[in-house]
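# Structural features, examined
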Amino acid sequence: MRPSEATKKYFERAADQLELAESMRTHLATPRRELQVQIPVEMDDGTLRTFIGYRVQHNRARGPMKGGLRYHPEVDLDEVRSLASLMTWKTAVVNIPFGGAKGGIAIDVAKISVRELDRITRKFVDEIHEMIGPDTDIPAPDMGTDHRVMAWIMDQYDKYHGFNPGVVTGKPVEYYGIPGREEATGRGVGLLTLKLLGRLGRKIAGARIAIQGFGNVGTHTAKFLSEAECKIVAISDATGGYYRAEGIDIPKALRYALEHERVLAGFPDADRITNEQLLGLDVDVLIPAALGGVVSGGNAGGIKAPIVIEAANAPVSPEADDVLDKKGVIVLPDILANAGGVTVSYFEWVQNRQYYQWSLDRVRQELDKTLNNAFEQTWTLARDRKVSLRTAAFMLGIDRVARAATLGGIC
Ligand code: GLU
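Described in the following lines is the structure provided in the data block. All of these numbers come straight from a predicted model, not from anything done at the bench.

### Comments concerning the site of the ligand
K66, K90, P141, D142 and S345 are the nearest of the 14 residues found near the ligand. In the environment of the ligand, an oxygen atom lies 3.0 Å from a nitrogen or oxygen atom belonging to the side chain of K102. Contact between the ligand and N313: an oxygen atom at 3.1 Å from a side-chain N or O atom of the residue. Compared with its free state, where it exposes 290 Å², the ligand has 95% of that area covered by protein. Of all the elements in the fold, those that place two or more residues in the shell around the ligand are α3 (77-93) and α12 (340-354). For the shell around the ligand, the residue count by class is 4 nonpolar, 5 polar and 5 charged.

### A word on the side chain of R122
Tracing the sequence through the fold places R122 in helix α4 (residues 114-128). Not counting chain neighbours up to four residues away, the residues in contact with R122 comprise W152, D155, Q156 and K159.

### Concerning the side chain of T169
Within the secondary structure layout, T169 lies in the loop between α5 (147-161) and α6 (181-199). With relative accessibility at 0%, the residue T169 sits in the buried group. In terms of polar contacts, T169 uses its side chain to reach the side chain of K66, at 2.9 Å. In this structure the side chain of T169 is engaged in a polar contact, spanning 2.8 Å, whose partner is the side chain of S345. Ignoring sequence-local partners within four residues, the contact set of T169 consists of K66, I138, P139, A140, P141, M150, S345, E348 and W349.

### Looking at a nonpolar patch on the surface
A cluster of nonpolar side chains, contributed by F163, Y176 and Y355, occupies part of the molecular surface with about 370 Å² of accessible area. Along the chain, F163 turns up in the loop between α5 and α6. Exposure remark for F163: the relative accessible area of 41% places this residue in the partly exposed category.

### Some thoughts on the pattern of salt bridges
Where charged atoms from two side chains of opposite charge come close, those side chains can pair. Inspection of the entire model under this criterion finds 32 salt bridges. One salt bridge in this structure joins R25 and E12, with 2.8 Å as the shortest N-O distance. Here E12 lies in helix α1 (residues 3-18) and R25 lies in helix α2 (residues 22-29), a separation of 13 residues in the sequence. Take R25: its relative accessible area is 10%, and that puts it in the buried class. Between R55 and D137 there is a salt bridge, with its nearest N and O atoms 2.6 Å apart. Note that R55 is positioned in strand β2 (residues 48-59) and D137 in strand β6 (residues 137-138), a separation of 82 residues in sequence. Each of the two residues, R55 as well as D137, counts as buried. Ionic contacts of the salt-bridge type, sharing partners, join the residues R2, E5, E34, D78 and R81 into one network.

### Some thoughts on the packing of aromatic side chains
Under the defined criterion, the tally for this structure stands at 12 aromatic pairs. Between F375 and W379, the ring centres sit 5.9 Å apart and the planes meet at 20 degrees, which makes this aromatic pair stacked. Note that F375 and W379 are positioned in helix α13 (residues 360-385) at a spacing of 4 residues, about one turn of the helix. For the residue pair F375 and W379, the accessibility class agrees, reading buried in each case. Taken together, F98, Y346, F347, W349 and W358 form an aromatic cluster joined through their ring pairs.

### Considerations on α6
The end-to-end C-alpha distance of α6, which contains 19 residues, comes to 27 Å, matching closely the 27 Å that a straight helix rising 1.5 Å per residue would cover. Along its length, α6 reaches its greatest deviation from straightness, about 30 degrees, at R187. Counting buried positions over the 19 residues of α6 gives 15, a clear majority of the element. Once α6 ends, the next one or two residues include G201, with phi positive near 70 degrees.

### A few points about the pairing of strand β9 (residues 240-243)
Side-chain positions along a regular strand alternate between the two faces of the sheet. As paired strands, strand β8 (residues 231-237) and β9 are joined by 4 bridges and run antiparallel to one another. Residue pairing in the sheet places S236 in a bridge with G241 of β9. What sits between the antiparallel neighbours β8 and β9 is a turn of 2 residues. With 3 bridges connecting them, β9 and strand β10 (residues 271-273) associate as antiparallel partners. Following the sheet pairing, G241 is matched in β10 by I273.

### A short note on unusual backbone geometry
Residue E229 is not a glycine yet carries a positive backbone phi of 75 degrees. Taking relative accessible area as the criterion, E229 reaches 57% and is therefore assigned exposed. One non-glycine residue, D269, lies in the positive phi region at around 65 degrees. Here D269 shows up in the loop between α8 (250-259) and β10. Residue D269 is classed as partly exposed on the basis of its relative accessible area of 43%.

### Section: the layout of surface pockets
Considering only enclosed or pocket space, the second largest pocket measures out at about 460 Å³ in volume. Lining the second largest pocket are 28 residues; nearest its centre among them are P3, E79, G292, G293 and A314. Those elements that place two or more of their residues in the lining of the second largest pocket are α1, α3, α10 (318-327) and α14 (389-408). Considered class by class, the residues forming the lining of the second largest pocket number 12 nonpolar, 8 polar and 8 charged.

Definitions and cut-offs
Residues numbered from 1 in each chain as written. Predicted model: local features only at pLDDT ≥ 70, side-chain atom pairs only at ≥ 80, totals over all residues. Heavy atoms only, no water. Near = heavy atom within 4 Å. Polar contact = N/O pair within 3.5 Å; in protein donor to acceptor, adjacent residues only side chain to side chain. Areas by Shrake-Rupley, 256 points an atom, 1.4 Å probe, with all protein chains shown as cover. Helix = DSSP H or I, 4+ residues; strand = E, 2+ residues; numbered from the N terminus. Nonpolar A, V, L, I, M, F, W, Y, C, P; charged D, E, K, R; others polar. Contact = heavy atoms within 4.5 Å. Buried < 20%, exposed > 50% of the residue type's maximum accessible area, 1.4 Å probe, protein only. Patch = residues over 30% accessible without salt bridge, like charges linked within 9 Å, V, L, I, M, F, W, Y side chains within 5 Å. Salt bridge = Lys/Arg side-chain N within 4 Å of Asp/Glu carboxyl O. Phe/Tyr/Trp six-rings, centres within 6.5 Å; stacked < 30°, edge-to-face > 60°. Expected span 1.5 Å × (residues − 1). Bend = angle between axes of the 7 residues up to and from the residue. Pairing = 2+ DSSP bridges. 1 Å grid on protein atoms, 1.4 Å probe; cavity = no way out; pocket = protein on both sides within 12 Å on 5 of 7 lines; lining within 4 Å. Points joined across faces, edges and corners; volume = space filled by probe spheres on them.

Keep in mind that these numbers describe shape and distance, not what the molecule does.
See below:
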């Protein structure tokens, strides 16, 4: 199933519950604008390479469109389209005044130099600068991009449109960024995991957790949860998985990755397992925090964790979701679980427009408040309507977007 078909399935389930009119479904399921561009770049060795870049603007009924830029070899229009629509529902679930968009470049960042990355990013901005802007569409980091890339985007946009720090979020703190943006997605995943454990009457101290992915989201999730006295028994990255029944020393793993080009290969004090084995571990909570589609119809039957937190975007396919639902597994969906990132992006955008520097304390406080509200609303709706947390979160998001579209007058 293609990524956009999978997202559409979740959308339809919620739309059925809302008894949404066919005309509104078609409107909300259709992206507003899709752009594919060619990015020809001279590489360090003097050769010419042509990359393909995308930006999909899904919906702007609730505000300027918002969403990350993904640099990954598997990026294509269909994936970006699916991720753009998830952003529309995500910003609506946490009730921040944004719509949804997403972009990306099909590229393997591990195989190019920093200077090449800089040139590719600036060339991409040359192609999309008329489409983005602080009041229209605001990019941010996603897989394969970081604060440096965001700084280049702001600088390149400046060459066409002048000083506009609010055109992009996730910038370095010393360059118009906000404290706490980098940790925000992982912190949000951690906060919501604790909230869900509490709501289900499960113990937090000693809860056994497996986290797939040790990038920005996975590392901050692991840090937050280990500080909350959970036991992180397994972590992984592209080099494989690492398991320790007594709990992995997370500060040590973080240091190790930092000293070894950000990978865990060779990490001592843990048994080697595969990424696939990590997914099937007998733990209290499983947190996929890397690629999409890792829990599929093929391996969902082997998931032993009673709770799955979707820290990545779309890690559980709709077939897998059905299997997990039948088994009674509680899934906290991506559009709520990983919404901490875009929430703090919103604070950064507000800060840029206020020309005022927020403190880390204030960012954390407001993030906690926003996610708590969204969790409570989703939980209550799921309970009242007897639907999964995923369907409830989609219902909340879709209903808010549909209302705004109607109030604003769609046609
Ligand atoms: N890429 C992140 C996401 O998928 C953050 C988006 C943003 O901050 O705009 O939610």
